[in-house]
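Descriptive analysis of the structure
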Amino acid sequence: MKTMKLALYTGIAAVVIGAGATLAIQANESDQSSVAQAESGKTVQAITIYKSPNCGCCQDWAEHLAANGFETRIVETDNLNEIKQEYDVPRDMASCHTALIGNLVIEGHVPANDIVAYLEDPQFNTIGLSVPGMPHGTPGMETGRKDDYQVIAFNANGKQGVFREHKDY
């Protein structure tokens, strides 16, 4: 009887120790992942992208964002003008897709690193960033040609200013 109890207790102890070790390993992996993410300076930003179902360059831009650490959610719509009006995108800032990160509007092919730079140091009263039109060479518009372009910050009153400029990149 003593041998059976000893075997039972030993078995239970082994299961408890094994479960504890598994939990400790999982916790350590999670901590290492968080530390690596913090050390790289990258935090996951969720972005919702409104685009036409038939637009390949918009899909390419979404993939550019995902490859640069953004968590992308795509909403396909045939009513992009309604989205632009709802979020106060000025007509001269319009492009082929509109995206949202919280209350910040991202219009067109804005590079991921420019979005990150803006989020790290937001400008007062700015509601959005835009790359108006569809310049060649912007993320999602890699055609072999590289046009100079600007990333424009805009506010709800229509005021605009250059946030970043891309020349000879």
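Keep in mind that this is a model prediction, so the values were computed, not measured.

**A word on the packing of aromatic side chains**
- This model, assessed by the stated rule, comprises two aromatic pairs.
- Both rings, one in Tyr118 and one in Phe163, keep their centres 5.7 Å apart while their planes meet at 70°; by these two values the pair is edge-to-face. Placement of Tyr118 in helix H4 (residues 112–120) and of Phe163 in strand E7 (residues 160–166) is noted, with a sequence separation of 45 residues between them.
- Ring plane angle 85° and centroid distance 5.6 Å describe the contact between Tyr149 and Tyr169, whose orientation is recorded as edge-to-face.

**Some words on the confidence of the model for the chain**
- When pLDDT is averaged along the chain, the result is 82; 75% of the residues meet or exceed 70.
- Across the chain, element-level confidence peaks in strand E3 (residues 98–101) with a mean pLDDT of 98 and bottoms out in helix H1 (residues 2–40) with 41.
- Below pLDDT 50 for its whole length, residues 4–40 participates in three contacts with residues either more than four positions away or in separate chains.

**As for the pattern of salt bridges**
- Across all of its chains, the model carries five salt bridges by this definition.
- For Arg164, the salt bridge identified is with Asp114, shortest N-O distance 2.8 Å. Here Asp114 lies in helix H4 and Arg164 lies in strand E7, a separation of 50 residues in the sequence.
- Of the residues examined, Arg164 reaches a relative accessible area of 33% and is grouped as partly exposed.
- The exposure class assigned to Asp114 is buried, which follows from its relative accessible area of 0%.
- Linking Asp147 and Arg145 is a salt bridge whose minimum nitrogen-to-oxygen distance equals 2.9 Å.
- Assessed through its relative accessible area of 22%, Asp147 is described here as partly exposed.
- On the basis of relative accessibility, which here comes to 46%, the residue Arg145 falls in the partly exposed class.

**Thoughts on the state of the cysteines**
- Throughout the structure, instances matching the rule amount to zero disulfides.
- The thiol sulfur of Cys96 is not disulfide-bonded, and the nearest other cysteine sulfur, from Cys58, lies at 3.5 Å.
- Owing to a relative accessible area of 14%, Cys96 belongs among the buried residues under this scheme.

**A look at the layout of surface pockets**
- The space that makes up the second largest pocket amounts to roughly 160 Å³.
- What lines the second largest pocket is Asn81, Lys84, Gln85, Val89, Pro90, Arg91 and Ala94.
- Split into classes, the residues belonging to the lining of the second largest pocket amount to three nonpolar, two polar and two charged.

**Some details on helix H2 (residues 56–67)**
- The end-to-end C-alpha separation of H2 is 16 Å, in line with the 16 Å expected for twelve residues at 1.5 Å each.
- Within H2 the residues assigned to the buried category are Cys57, Cys58, Trp61, Ala62 and Leu65. Projected down its long axis, H2 shows its buried positions confined to an angular sector of 145°, all on one face.
- Where H2 is buried, its residues contact strand E1 (45–51), strand E2 (70–76), E3, strand E4 (104–108) and H4.
- Gly69 sits one or two residues past H2 and shows a positive phi near 95°.

Cut-offs used in this document
- Residues numbered from 1 in each chain as written.
- Predicted model: local features only at pLDDT ≥ 70, side-chain atom pairs only at ≥ 80, totals over all residues.
- Heavy atoms only, no water.
- Phe/Tyr/Trp six-rings, centres within 6.5 Å; stacked < 30°, edge-to-face > 60°.
- Helix = DSSP H or I, 4+ residues; strand = E, 2+ residues; numbered from the N terminus.
- pLDDT = per-residue confidence, 0-100.
- Contact = heavy atoms within 4.5 Å.
- Salt bridge = Lys/Arg side-chain N within 4 Å of Asp/Glu carboxyl O.
- Buried < 20%, exposed > 50% of the residue type's maximum accessible area, 1.4 Å probe, protein only.
- Disulfide = S-S within 2.5 Å.
- 1 Å grid on protein atoms, 1.4 Å probe; cavity = no way out; pocket = protein on both sides within 12 Å on 5 of 7 lines; lining within 4 Å.
- Points joined across faces, edges and corners; volume = space filled by probe spheres on them.
- Nonpolar A, V, L, I, M, F, W, Y, C, P; charged D, E, K, R; others polar.
- Expected span 1.5 Å × (residues − 1).
- Arc of directions from axis to C-beta.

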